[in-house]
Structures are given as C-alpha cells and as structure tokens.
Amino acid sequence: MAITSTHPILAACRREQTPYTPVWLMRQAGRYMEEYRKLRAEHEFLDLCKSSDLAAEITVTPVERLKVDAAILFADILLLLEPMGVGLEYTKGDGPVIQNTVSSRTHVEQLIEFDPAEALPFVFETVRKVCTALNGKVPLIGFAGAPFTLASYLVEGGSSRNYLKTKRLIYSNPGAWRGLMERLSSLTAKYLNAQIAAGAEAVQLFDSWAGCLSPEDYERFVLPHTRATITGLTPGVPVIHFSTGTGGFLKSLRAAGGDVIGVDWRVNLDTAWDDLGHDVGIQGNLDPAALLASPKDIRRRVAEILRRAGGKAGHIFNLGHGVLPETPVENVIAMVEAVHELSSR
Ligand code: CP3
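Since we're looking at a predicted model, the values are computed, not measured.

Enquirer: What am I meant to see in the overall build of the protein chain here?
Expert: Regarding its fold elements, the protein chain presents 17 helices and 9 strands. At 19 Å, the protein chain has a C-alpha radius of gyration in line with the 20 Å of a compact globule built from 345 residues. Its C-alpha atoms give the protein chain principal-axis dimensions of about 55 × 45 × 40 Å. When each of the 345 residues of the protein chain is scored for burial, the buried share is 57%. When contacts within the protein chain are restricted to residue pairs at least 6 apart in sequence, long-range pairs at least 24 apart make up 73% of them. A gap of 4 Å separates the mean positions of the 35 positive and 39 negative side-chain charges of the protein chain.

Enquirer: What exactly am I supposed to notice about the packing of aromatic side chains here?
Expert: Centre-to-centre distance and the angle between the planes together describe a pair of aromatic rings. Scanning all chains against the criterion turns up 8 aromatic pairs. Ring centres 5.6 Å apart and planes at 75° place the aromatic pair Phe206 and Phe242 in the edge-to-face group. With Phe206 in strand S5 (residues 202-207) and Phe242 in strand S6 (residues 239-243), the pair connects residues that are 36 residues apart, well separated along the chain. Accessibility assignment for this pair places Phe206 and Phe242 in one class, buried. Through a chain of ring-to-ring contacts, the aromatic side chains of Tyr36, Phe45, Phe74 and Tyr90 assemble into a single cluster.

Enquirer: Explain the nonpolar core to me, please; I cannot follow it from the model alone.
Expert: General note: in soluble globular proteins, nonpolar side chains tend to be found buried as a group. Core analysis: the largest hydrophobic core is formed by 125 residues, its most contacted members being Trp24, Leu25, Leu81, Leu180 and Met335. Among the elements that take part in this core, helix H11 (residues 174-198) stands out by supplying 12 residues, more than any other. Here Leu81 is in contact with Val86, Ile98, Leu150, Tyr153, Leu154 and Leu184, once residues within four sequence places are set aside.

Enquirer: How should I be thinking about the site of the ligand in this particular structure?
Expert: Surveying the vicinity of the ligand reveals 24 residues, the closest of which are Arg27, Arg31, Tyr36, Ser208 and His321. Take Arg31: an N or O atom from its side chain is 2.7 Å from an oxygen atom of the ligand. Within the side chain of His321, a nitrogen or oxygen atom sits 2.5 Å from an oxygen atom of the ligand. Across the complex, the protein chains shield 89% of the 860 Å² of accessible surface that the ligand would expose by itself. Here the ligand occupies the largest pocket. For the shell around the ligand, the per-class residue count stands at 16 nonpolar, 4 polar and 4 charged.

Enquirer: Explain empty space enclosed by the protein here, please?
Expert: Remark: the empty space left among the atoms is shown by a probe the size of a water molecule rolled over them. Inspection of the entire model under this criterion finds 1 cavity of 30 Å³ or more. Here the largest cavity is characterised by a volume of approximately 60 Å³. Along its surface, the largest cavity is lined by Met33, Glu35, Tyr36, Leu39, Glu57, Ile58 and Thr61. Among the secondary structure elements, those contributing two or more residues to the lining of the largest cavity are helix H3 (34-42) and helix H5 (52-66). Taken together, the residues that form the lining of the largest cavity break down as 4 nonpolar, 1 polar and 2 charged.

Enquirer: So what exactly am I meant to see when it comes to the confidence of the model for the protein chain here?
Expert: As a note on interpretation, predicted positions should not be read in detail where pLDDT is low. Residues with a pLDDT of 70 or more make up 99% of the protein chain, whose mean pLDDT is 97. In the model of the protein chain, helix H1 (residues 2-5) stands out as the element of lowest mean pLDDT, 50, in contrast to strand S7 (residues 260-262), which has the highest, 99.

Enquirer: Help me understand helix H8 (residues 121-134), please; the structure alone is not making it clear to me.
Expert: Think of an α-helix as 3.6 residues a turn; residues three or four steps apart then line up on the same face. Given a rise of 1.5 Å per residue, 14 residues ought to cover 20 Å, and the 20 Å separating the end C-alpha atoms of H8 matches this to within 8%. Those residues of H8 that are buried lie in contact with helix H4 (45-50), H5, strand S1 (71-72), helix H7 (116-119), strand S4 (140-145) and H11. Once H8 finishes, Asn135 follows within two positions and takes phi at roughly 50°, a positive value.

What counts and how
- Residues numbered from 1 in each chain as written.
- Predicted model: local features only at pLDDT ≥ 70, side-chain atom pairs only at ≥ 80, totals over all residues.
- Heavy atoms only, no water.
- Helix = DSSP H or I, 4+ residues; strand = E, 2+ residues; numbered from the N terminus.
- Rg over C-alpha atoms; globule rule 2.2 N^0.38 Å.
- Buried < 20%, exposed > 50% of the residue type's maximum accessible area, 1.4 Å probe, protein only.
- Contact = heavy atoms within 4.5 Å.
- Lys, Arg positive; Asp, Glu negative; His and termini not counted.
- Charge placed at Lys NZ, Arg CZ, Asp CG, Glu CD.
- Phe/Tyr/Trp six-rings, centres within 6.5 Å; stacked < 30°, edge-to-face > 60°.
- Core = buried A, V, L, I, M, F, W, Y, C linked by side-chain atoms within 4.5 Å.
- Near = heavy atom within 4 Å.
- Polar contact = N/O pair within 3.5 Å; in protein donor to acceptor, adjacent residues only side chain to side chain.
- Areas by Shrake-Rupley, 256 points an atom, 1.4 Å probe, with all protein chains shown as cover.
- 1 Å grid on protein atoms, 1.4 Å probe; cavity = no way out; pocket = protein on both sides within 12 Å on 5 of 7 lines; lining within 4 Å.
- Sits in = over half its atoms within 2 Å of the grid points.
- Nonpolar A, V, L, I, M, F, W, Y, C, P; charged D, E, K, R; others polar.
- Points joined across faces, edges and corners; volume = space filled by probe spheres on them.
- pLDDT = per-residue confidence, 0-100.
- Expected span 1.5 Å × (residues − 1).

Here's what the structure looks like:
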C-alpha cells in the first residue's frame with residue numbers, strides 16, 4: 001500500500017508534483033499487441049474477459065512490455081449489461097451487439113435487477129490476481145462505462161453514428177430515460193466500488209459517446225446521473241472522467257465530477273485545462289493516429305503536449321482515445337519513453 005499510494009499516477013490524480021509525467025494508454029491491452037492476438041486466436045473476446053487467469057495476464061503484459069505507469073483492467077464496459085438479460089454479443093467486424101434493445105418504460109422495467117459483486121465474480125477475481133501479480137509496482141485502474149454511454153448501447157443496440165434512437169427516447173419519453181439512467185448510475189457505482197474493494201486504486205469512467213450531445217442536453221439529461229455515480233464511489237479513490245468530442249462543454253463534465261478529466265485530441269491541452277480550471281487534473285491527449293507516424297515525429301508531438309501542460313502538477317499523459325489495432329508496438333514504446341524522458345524534472 002505504502003509504495004503504490006505515492007506512485008506518480010496517484011500523486012498526479014491528487015495534483016501533487018511528480019518526478020516525471022505518468023503515462024498509460026487506453027486500450028493498452030488489445031489487438032495491436034501480438035501477445036493479445038495470439039490469445040484471441042484461441043478464445044472469444046467474452047471468454048477472455050470471463051477467464052480471470054487470462055484476463056489478468058492480458059492486463060499485466062503491456063505494463064511489462066511498455067513500461068507504463070498503470071495497469072488498466074482487461075474487461076469491457078458492456079459486461080455490466082449482460083446480466084440485465086439484454087443479450088450481449090461481440091460479432092466479428094461489427095463490434096458489440098445488444099439483442100433486446102430498450103425503447104420504452106416497459107423495457108426499462110423488464111431489465112433484470114442484480115448485484116454486480118455477485119453477477120460478475122470473474123471481474124473481481126481478475127482485479128485480485130492482477131494486484132498480486134503487480135505486487136505494488138504500479139497501480140491498477142478499474143473502469144466502467146458512464147451511464148450515458150452504457151444507455152446508448154442499450155437503446156441503439158450497438159455503436160452508432162448519430163445516436164438518433166437515444167435522442168428520440170430522451171426527447172419523447174424523458175421519464176423512461178430518467179428511469180434508465182437512474183438504474184445505470186447506481187449499478188455503475190456499485191460495480192466500481194466492488195472493483196475498488198478488490199484492489200483497484202483508481203477508476204476511470206468512460207463517457208466515450210457523450211460528445212454527440214449538445215451542451216444543454218448533456219446538462220439536463222446526463223450530468224445529474226454521472227454526478228450520482230461519482231458521488232456514490234468509495235471516498236479517497238481517484239476518479240478519471242473521460243469523454244471524447246466534448247470540448248464545447250468541458251465545464252459541465254467537470255461539474256459532473258472527477259479528480260481528473262480525460263480529453264481527446266480535438267482540443268489543445270492548455271486551453272482545455274484553462275477551461276476546466278487548474279484545480280482539477282487533466283489526462284490526455286495525443287491523437288491515437290499519431291502513433292502511426294515515425295518515432296521522431298511521435299517524440300515531437302509528445303513534447304508539444306508536455307509543453308502545453310507546462311510541467312504543472314495534475315497531468316497524466318494518455319492518448320485522446322484508445323490505441324488503434326494498426327499501431328506498431330515499437331511506436332507505443334517510443335511514446336512512453338519520450339514522455340518519461342522529456343518530462344523528467
Ligand atoms: O486495455 C484496455 O483499455 C482495457 C480493456 C478495455 C476494452 N474495452 C477491451 C476491448 C476497455 C477499457 C474498454 C472500454 C470500452 N469498451 C469502451 C470505452 C472506451 C472507448 O473505446 O471508447 C467502449 C465504448 C467499449 C465497447 C466496445 N468493446 C466496442 C465498441 C468494441 C468493439 C470495437 C473494438 O475496438 O474492437 C469492444 C470490443 C473490445 N473491448 C475489444 C477489446 C480488447 C476488442 C475485442 C476483440 O479482440 O475482438
């Protein structure tokens with residue numbers, strides 16, 4: 001405990017000065033890695049998530065390989081939806097599919113109630129095994145989808161371009177929407193608290209698709225529910241609140257909560273931080289596609305983000321979204337090295 005609680009990534013969450021800028025990557029465990037592709041060739045994605053030995057191995061491998069400052073739990077935001085009885089599948093090429101979509105209050109009421117600690121035991125087993133394997137070297141970050149992003153999958157049945165079904169439900173049936181969001185926000189808090197109880201030392205809430213909303217709709221239909229999730233979390237454990245495409249309403253994201261706000265590459269880090277206020281941490285924000293450039297160019301882009309962060313306490317380096325499957329692993333290693341070297345103080 002004593003070793004990891006002073007770890008740079010946790011110190012940065014508390015906006016304390018660190019000897020260098022800590023760095024990790026969203027989707028650091030994934031298809032761009034040969035080790036993962038090998039396991040994936042033999043097992044379905046859901047089976048990997050449900051086997052705590054394999055999930056723990058997949059979580060720990062990139063920490064050793066990339067020399068990042070945190071592990072991110074190998075799981076998926078949609079695992080929490082499966083026990084609701086909606087029929088979750090990952091189909092090749094099409095991404096995740098939800099069979100029984102939600103479009104009315106009746107559908108919301110039909111969602112099965114469950115206790116995440118009981119329904120998803122493999123997740124917490126993975127957390128415990130990862131913590132044992134890491135042995136205090138770096139902290140484990142747990143995660144969950146934020147209520148809006150989870151709801152969007154339940155309503156759309158998968159990923160979407162315009163989120164029209166979701167918006168139609170919000171506008172035409174605000175009562176059903178509220179009911180759905182209340183269910184998801186309390187479920188998410190319980191799920192994250194169980195990850196924390198099992199050993200996660202920080203948590204990230206992914207609101208990946210919140211950027212499809214107008215600032216007004218975010219404030220009215222999403223913010224109160226994300227805030228309820230974050231308020232329901234075990235005190236003292238840092239929360240990273242991440243979204244993409246939300247540069248136009250960062251203040252509202254901040255108002256929903258989080259010790260650190262994760263931003264994508266569509267905003268400059270310095271203007272985003274000014275906007276958020278310097279009494280909150282910031283995470284980001286290299287374009288994942290920049291990792292397709294040469295190591296020299298990657299280094300220049302890393303330097304530019306560090307320059308914008310200005311060495312201020314509270315910056316965690318990350319991509320603006322997940323690592324792309326096409327990314328050469330050497331470029332990821334070069335990026336992590338560049339962050340550590342160029343930020344050393
Ligand atoms: O390394 C890590 O970051 C930890 C593991 C992780 C996964 N998904 C594994 C995964 C995390 C943190 C997630 C979060 C997640 N899942 C989000 C939020 C982050 C984001 O990317 O916006 C979302 C929206 C999902 C839902 C999801 N899961 C989608 C849309 C897809 C298909 C698209 C894709 O990238 O393949 C998944 C599948 C998924 N989740 C894979 C992995 C490694 C690929 C599965 C495979 O091997 O085929």
